[in-house]
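What follows is each chain in one-letter form.
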Amino acid sequence: MSRSKDKTLSIRTTDEVKALLRLAAAQERRSVASMVEVLVLAYASEHNLKAEPGSPARPTPNKVARAK
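The rules we used
- Residues numbered from 1 in each chain as written.
- Predicted model: local features only at pLDDT ≥ 70, side-chain atom pairs only at ≥ 80, totals over all residues.
- Heavy atoms only, no water.
- Helix = DSSP H or I, 4+ residues; strand = E, 2+ residues; numbered from the N terminus.
- Salt bridge = Lys/Arg side-chain N within 4 Å of Asp/Glu carboxyl O.
- Buried < 20%, exposed > 50% of the residue type's maximum accessible area, 1.4 Å probe, protein only.
- Expected span 1.5 Å × (residues − 1).
- Axes fitted to C-alpha atoms, helices over the stretch in contact; angles between N-to-C directions.
- Parallel < 35°, antiparallel > 145°, perpendicular 65-115°, else oblique.
- Contact = heavy atoms within 4.5 Å.
- Nonpolar A, V, L, I, M, F, W, Y, C, P; charged D, E, K, R; others polar.

### Considerations on unusual backbone geometry
Unusually for a residue other than glycine, Arg 29 sits at a positive phi of about 55°. Along the chain, the position of Arg 29 falls in the loop between α1 (15–27) and α2 (32–46). In the Ramachandran plot, Asn 48 falls in the positive-phi region, its phi being about 55° despite a non-glycine side chain. Note that Asn 48 resides in the segment after α2.

### Observations regarding the pattern of salt bridges
Per the stated rule, a full pass over the model turns up one salt bridge. For Glu 37, the salt bridge identified is with Lys 5, shortest N-O distance 3.1 Å. Residue Glu 37 is located in helix α2, and its partner Lys 5 is located in the segment before α1; the two are separated by 32 residues in the primary sequence. Here Glu 37 falls in the partly exposed class, since its relative accessible area comes to 25%. Lys 5 sits in the exposed class, given a relative accessible area of 66%.

### Looking at α1
A rise of 1.5 Å per residue sets the reference length of α1, with its 13 residues, at 18 Å; its end C-alpha atoms lie 18 Å apart and thus fit the reference within 8%. Among the residues trailing α1, Arg 29 stands out with phi positive, at a value near 55°.

### A word on the packing of α1 against α2
At a closest axis distance of 9 Å, the pairing of α1 and α2 adopts a crossing angle of 95°. Considering their axes alone, α1 and α2 lie roughly perpendicular with respect to each other. Contact with α1, carried on its side by Leu 21, Arg 22, Ala 24 and Ala 25, involves Val 32, Met 35, Val 36 and Leu 39 of α2 and no other residues of that element. Residue composition of the contact of α1 with α2, grouped by class: seven nonpolar, no polar and one charged.

### Notes on α2
Between its first and last C-alpha atoms α2 spans 21 Å; for 15 residues at 1.5 Å apiece the expected length is 21 Å, and the two agree. Following α2 by one or two positions, Asn 48 adopts a phi angle in the positive range, close to 55°.

In structure tokens form, the structure reads like this:
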């Protein structure tokens, strides 16, 4: 499935998370950006999340899992 990639994502994270992301990307022979996409799509699939085309991604409060 071909997707137009015209959006930018910028995050702040720890050195540890950045290093783990780079290790995962290297192990899969992917770029860091591609690895982020793979991880997000896998999470969405596992949790039955679907983005509506053209709508902002704002989950309803009852669908947001709180970190413990």
